[in-house]
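Here's the letter readout for the chains.
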Amino acid sequence: MIGDFQLPRFPMVKKWYTCPHCGKNLLIYDNTAKCCGIYIRCRQCKRTVEVRI
Ligand SMILES: [Zn+2]
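These figures come from a predicted structure and were not determined experimentally.

(A) Main features of the overall build of the protein chain. Within the protein chain, the regular secondary structure consists of 0 helices and 4 strands. Traced from its N-terminal end to its C-terminal end, the protein chain shows the element sequence β-β-β-β. Put simply, the protein chain has 53 residues, and 2% of those count as buried. Contacts spanning at least 24 positions in sequence make up 16% of the contacts within the protein chain whose residues lie at least 6 apart.

Take a look at the structure:
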């Protein structure tokens, strides 16, 4: 058997996406994530932040 199938090419790294205005942690993403057109409202400073990963 060849055991290399499903081996990730790079390790998955999870990071916090933080609010650019106040620095509060908004959501967790990993380094395979790609999104655009996603908006989240920061609970701390009440601003709507576009999530760009
Ligand atoms: Zn904020």
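(B) Region of interest: the pairing of strand β2 (residues 25-30). With 0 of its 6 residues buried, β2 lies for the most part at the surface. Counting the residues that bridge the hairpin from strand β1 (residues 14-18) to β2 gives 6 residues, and of these glycine 23 lies at a positive phi of roughly 85 degrees.

(C) Quick peek at the pairing of strand β4 (residues 48-51). Across 4 bridges, strand β3 (residues 38-41) lies against β4 in antiparallel orientation. Counted as the bridge partner of isoleucine 40 is valine 49 from β4. What sits between the antiparallel neighbours β3 and β4 is a turn of 6 residues, in which lysine 46 has the positive phi angle 65 degrees.

(D) The arrangement of the environment of glutamate 50 in detail. With respect to the helices and strands, the residue glutamate 50 is situated in strand β4. As for glutamate 50 and glycine 37, which are separated by 13 residues in sequence, their C-alpha atoms are 6.9 Å apart.

(E) Seen up close, the environment of valine 51. Structurally, valine 51 can be placed in strand β4. Among all residues touching valine 51, those that are not within four sequence positions of it are Tyr17, Cys35, Ile38, Tyr39 and Ile40.

What counts and what doesn't
- Residues numbered from 1 in each chain as written.
- Predicted model: local features only at pLDDT ≥ 70, side-chain atom pairs only at ≥ 80, totals over all residues.
- Helix = DSSP H or I, 4+ residues; strand = E, 2+ residues; numbered from the N terminus.
- Buried ≥ 20, exposed ≤ 12 C-beta atoms within 10 Å, placed from the backbone.
- Contact = placed C-beta atoms within 7 Å.
- Pairing = 2+ DSSP bridges.

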